[in-house]
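# Breakdown of the fold
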Amino acid sequence: MSDETTRRARVSAAGLYVPLLLGAIVTVTLGVYGSVHTPTGISVNVAGFSGPQTVKVWLASGAALLALVQLVSAFAMWGKFGANTPSWIGPLHRWSGRIAFLLTVPVAVHCLYALGFATYDTRTLAHSLLGCFFFGAFTVKMLSLPKRGLPGWTLPLLGGAVFTLLIGLWLTSSFWYFTTIGVRF
Amino acid sequence: MKRNGPLITLLAGLALAAVLITVNLSLTKGGGEPDPAGLGAAVASAAPAASTPPSPTVAASAAAPDAPAEKVNATWAGTVDGGGATIAIAVTDGVAVAYLCDGKKAEVWLQGTAADGKLALTGKKGATLTGTFGGGKATGTVTANGRKWTFTVKAVAKPSGLYRATATVRNAKVVGGWIVLPDGSQVGVVTVDDVPQPAPAIDPATGAVTVDGAALTAAPVTGVLAEN
């Protein structure tokens, strides 16, 4: 009985308060910055592409592809594909996630610096909101990972949120670009 | 080490963002970018998130420096000095798109900003537009393809203004630009796979136009161009 009580006491969502708060600060900061900063219209470009839009389209597509790797490797880590999870799944999940995140950073910097928080139409509004929330959710996920004693639903929920937000971002940007402008480099 | 991994990931992303913003700042310095302090604060407010909770003042200072800049919404259109070309500048929330064309085959698209009475736009192949606006007028200079135009054009209201259509017609990339002037006249150029030609007239009410037998819709330009 007392064992049961201590075990239950140790599993608590209270450990999520600080990560959630910091994630919220990240989201609000990005949104506020994107709104008040006068868009410059230009930003650094990556050599080899025809323009900043195409750079972003491909970086975001790379991140979205890695997000799919994230989803599959996460399922494997949680034993959804059977009990025998290969030992390389963990590192695969961590590194594909890190690379995906780093791919999104230049895209976000360009969006915020050159374009800002935009509300021209539903797509840009959705994209702006998703972008702010993505980095907030990612912050929460990263800060929650090392914490002990969080409820079992924490990581699947946060990981699912980060995945959904990123795919939403991709659909409202790269996918829109591919279908509206065409596939170009 | 393992438990610090996520934190290191966050910090690495933050460092990458800081580097990119620094490069951006040095690139756009002198381009009317008044808020290096604001940017620095924006980075700083995210940085402590990884270690200590940031104080509210950090976030507030990020918003302060350029908050007074009211976002510009306006459209100016008219003929450039000396005739020969028509220009329209459409600004949505400070994001400016300009189009200059002769209605036959010369055209240039530019985009940039309109803030604090100043216009600063750039286009392909080093094209630039610099100028000022206020009192219902915009004045400035466009440089493109080794040529230079000066202009003073008046503010216009719908259905006058700048329209654009992009589409793929039978695998050919079509980009059309139209300037509709207050007297109802139109000037436009359609580029089909980089070959410019005079644009057929659009219906200003609906934007409907037929290019190479394909029905397109030209939309008023608001904000950033879909394709640079």
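Residues numbered from 1 in each chain as written. Chains lettered and ligands numbered in written order. Predicted model: local features only at pLDDT ≥ 70, side-chain atom pairs only at ≥ 80, totals over all residues.

### A look at the packing of helix α2 (residues 17-36) of chain A against helix α5 (residues 122-144) of chain A
A pair of packed helices is characterised by two quantities: the angle between their axes and the separation of those axes. Residue and element names in this part refer to chain A. Direction vectors running N to C along α2 and α5 enclose 155°, while the axes themselves pass 8 Å from each other. The orientation of α2 relative to α5 falls into the category roughly antiparallel. Judged by the twist between their axes, the crossing of α2 over α5 is right-handed. Residues P19, L20, L22, G23, A24, V26, T27, L30, G31 and G34 of α2 form the contact with α5, whose participating residues are S128, C132, F133, F135, G136, A137, T139, V140, L143 and S144. Partitioning the contact of α2 with α5 into residue classes produces 12 nonpolar, 8 polar and no charged. (Axes fitted to C-alpha atoms, helices over the stretch in contact; angles between N-to-C directions. Helix = DSSP H or I, 4+ residues; strand = E, 2+ residues; numbered from the N terminus. Parallel < 35°, antiparallel > 145°, perpendicular 65-115°, else oblique. Left-handed = near helix turned anticlockwise from the far one by under 90°. Contact = placed C-beta atoms within 7 Å. Nonpolar A, V, L, I, M, F, W, Y, C, P; charged D, E, K, R; others polar.)

### Some thoughts on the nonpolar core
In this structure, F134 and L166 of chain A together with I87, I89 and A98 of chain B are the most contacted members of the largest nonpolar core, which totals 100 residues. Here the element with the most residues in this core is helix α4 (residues 89-115) of chain A; it accounts for 12 residues. Setting aside residues no more than four positions away along its own chain, I89 of chain B makes contact with T75, W76, A96, A98, L119 and A138 of chain B. (Core = buried A, V, L, I, M, F, W, Y, C linked by C-beta atoms within 7 Å. Buried ≥ 20, exposed ≤ 12 C-beta atoms within 10 Å, placed from the backbone.)

### Description of the environment of A215 of chain B
Residues and elements named next belong to chain B. On the secondary structure map, A215 appears in strand β14 (residues 214-217). Assessed through the 10 C-beta atoms surrounding it within 10 Å, A215 is described here as exposed. When the C-alpha atoms of A215 and A167 are compared, they prove to be 9.9 Å apart, with 48 residues separating the residues in sequence. Leave out the neighbours within four places in its chain, and A215 touches A208 and T210.

### Brief notes about the pairing of strand β10 (residues 172-180) of chain B
Side chains on a regular strand alternate between the two faces of the sheet. All names here are of chain B. Sheet topology places strand β9 (residues 161-169) next to β10; 9 bridges connect them, and they run antiparallel. Residue pairing across strands places T166 opposite V175, the latter belonging to β10. Hairpin connection of β9 to β10: 2 residues between the antiparallel strands, including R170 at a positive phi of 45°. Bridging between β10 and strand β11 (residues 186-192) involves 7 bridges; their strand directions are antiparallel. (Pairing = 2+ DSSP bridges.)

### Remarks on α5 of chain A
The end-to-end C-alpha distance of α5 of chain A is 32 Å, a good match for the 33 Å that 23 residues give at a rise of 1.5 Å each. The buried fraction of α5 of chain A is high, at 17 of 23 residues. (Expected span 1.5 Å × (residues − 1).)

### Description of the packing of α5 of chain A against helix α6 (residues 154-180) of chain A
Residues and elements named next belong to chain A. Orientation of α5 relative to α6, taken along the N-to-C sense of each, is 150°, at an axis distance of 8 Å. One finds that α5 runs roughly antiparallel with respect to α6. Where α5 crosses over α6, the two elements pack in a sense that is left-handed. Here the residues of the contact of α5 with α6 sort into 15 nonpolar, 8 polar and 2 charged.

### Remarks on the pairing of strand β5 (residues 118-123) of chain B
Residues and elements named next belong to chain B. Relative to β5, strand β4 (residues 107-115) is paired through 6 bridges, and the arrangement is antiparallel. Bridging from a neighbouring strand, T113 pairs with A120 of β5. With antiparallel pairing between neighbouring strands as the criterion, β4 and β5 make up a hairpin whose turn holds 2 residues, including D116 at a positive phi of roughly 50°. Sheet analysis places β5 next to strand β6 (residues 128-134), joined by 5 bridges and oriented antiparallel. For T122, the partnering residue across the bridge sits in β6 and is T128. Adjacent in sequence and paired antiparallel, β5 and β6 are bridged by 4 residues, among which K125 carries a positive phi angle near 55°.

### Here we look at the sheet that holds strand β7 (residues 137-144) of chain B
Residue and element names in this part refer to chain B. As summarised here, the arrangement of the 8 strands in space is β1-β2-β3-β4-β5-β6-β7-β8, forming a closed barrel in which the pairing is antiparallel. Between one strand and the next, the sheet's axes are offset by a mean angle of 25°, whatever the strand orientation. Inspection of the sheet shows strand β3 (residues 95-101) paired to β4 by 7 bridges, in the antiparallel sense. If you follow A96 over to β4, its bridge partner there is G112.

### Regarding α4 of chain A
An α-helical turn contains 3.6 residues, so any two residues separated by three or four positions project in the same direction. Between its first and last C-alpha, α4 of chain A extends 38 Å over 27 residues, near the 39 Å set by a 1.5 Å rise per residue. A positive backbone phi angle near 80° is found at G116 of chain A, which sits one or two residues after α4 of chain A.

### Things to note about the sheet that holds β9 of chain B
Strand order in the open sheet formed by 5 strands is β12-β11-β10-β9-β15 (chain B), with antiparallel pairing between adjacent strands. Each edge of the open sheet is held by one strand with a lone partner, namely β12 (195-198) and β15 (219-220) of chain B.

### Here's the deal with unusual backbone geometry
Residues and elements named next belong to chain B. Cis geometry is found at the peptide bond from K158 to P159, where omega equals 5°. Even without glycine at this site, D93 takes up a positive phi of about 50°. Notably, D116 is not glycine yet its phi reads approximately 50°, a positive angle.

### Some remarks on the confidence of the model for chain A
Counting all residues, the mean pLDDT for chain A is 85, and 86% of those residues have values of 70 or more. Helix α1 (residues 2-10) of chain A is the least confidently modelled element of chain A, averaging 52 in pLDDT, while α5 of chain A averages 93, the highest of any element. (pLDDT = per-residue confidence, 0-100.)

### Let's talk about the environment of F178 of chain A
Among the structural elements, F178 of chain A can be located in helix α6. As a C-alpha pair, F178 of chain A and T54 of chain A span 124 residues in sequence and 9.8 Å in three-dimensional space.

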